[in-house]
Amino acid sequence: MARLAVFASGSGSNFEAIALALKSTRHTLEFLLCDRRQAFALERARRLGVPARLVSYKDRTKEDVEREMLEHCADRNVDCIALAGFMRLLTPYFLNAFGKDILNLHPALLPKFPGVDAIRRSVEAGEKELGISIITVDSGCDTGPILFQDSFARPENASLDELTERIHSLEHRHYPRVVIETLDKIDAAGGTA
Ligand code: GAR
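Being a predicted model, the structure only gives us computed values, none of them experimental. (Residues numbered from 1 in each chain as written. Predicted model: local features only at pLDDT ≥ 70, side-chain atom pairs only at ≥ 80, totals over all residues. Heavy atoms only, no water.)

Trainee: When you look at the overall build of the protein in this model, what are you seeing that I'm missing?
Mentor: Looking only at helices and strands, one finds six helices and seven strands in the protein. For the protein, the α and β elements follow one another from N to C terminus as β-α-β-α-β-α-β-α-β-α-β-β-α. Taking 193 residues into account, the globule formula puts the C-alpha radius of gyration at 16 Å, and the protein, at 16 Å, falls close to it. Overall, the C-alpha framework of the protein stretches about 50 × 40 × 35 Å when taken along its three principal axes. With 193 residues in all, the protein has 48% of them scored as buried. Of the roughly 9,600 Å² that the protein leaves accessible, carbon and sulfur atoms contribute 50%. In the protein, which carries 25 positive and 28 negative side-chain charges, the distance between the mean positions of the two groups comes to 3 Å. (Helix = DSSP H or I, 4+ residues; strand = E, 2+ residues; numbered from the N terminus. Rg over C-alpha atoms; globule rule 2.2 N^0.38 Å. Buried < 20%, exposed > 50% of the residue type's maximum accessible area, 1.4 Å probe, protein only. Areas by Shrake-Rupley, 256 points an atom, 1.4 Å probe, with all protein chains shown as cover. Lys, Arg positive; Asp, Glu negative; His and termini not counted. Charge placed at Lys NZ, Arg CZ, Asp CG, Glu CD.)

Trainee: Hey, could you run me through the packing of aromatic side chains in this one?
Mentor: Any aromatic ring pair is given by two values, namely how distant the centres are and how the planes are angled relative to each other. This model, assessed by the stated rule, comprises three aromatic pairs. Consider the rings of Phe94 and Phe98, whose centres lie 6.0 Å apart with planes at 20°: the pair is stacked. Of this pair, Phe94 and Phe98 both sit in helix H4 (residues 92-98), four residues apart, roughly one helical turn. Three or more aromatic residues joined by ring pairs form one cluster here, namely Phe7, Phe86, Phe94 and Phe98. Above the ring of Phe152, the side-chain terminus of Arg166 is found at 4.1 Å from the ring centroid. Sitting over the ring of Phe148, Arg177 keeps its end group 4.8 Å from the ring centre. (Phe/Tyr/Trp six-rings, centres within 6.5 Å; stacked < 30°, edge-to-face > 60°. Lys NZ or Arg CZ within 6 Å of the ring centre and 35° of its normal.)

In short, shape yes, function no, at least from these values alone.
Here it is in structure tokens:
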């Protein structure tokens, strides 16, 4: 088995898709870590029975916050982190100290449209092909190595809401699978006993 933590800041629909998919594996979802008290992800965690860790950035240095995150990960022997709409940049301090796999999901075809609001920006730029990227996190903003992408031709006259929904359904289909494949590899390499 391998132990996963998911970090999220918002609705948490990808967190939920991962939590449900993990149930039929040997792997464990140790906790949801969230940086926003109002995030619906916390309510999803409560309904799913997944422990939640709320970590506030308010009036604290990033290093102080990240030290707390590292303690949560160490407490539960986390082998891998999946970012799922976690809208904070992790610093090199965190990446080096954690030292294990961190995945991220992005609603655009990287390297195009990194950062926030990527769906709207792709649509407004008139992109003919829309899609998702799953990457390994590095210290840049959505710059890490690409593990997986999927895309579709943008239908004419589709609204931003329709396109957003289509992108989210691609995310829910693929992100849990890529996360589980990563956990399988960690397990095969002798992850958590
Ligand atoms: C997802 O669309 C994800 O790709 C995006 O946030 C959304 C979270 O949705 N992430 C980024 O934009 C990261 N740069 P969710 O909270 O419903 O899973």
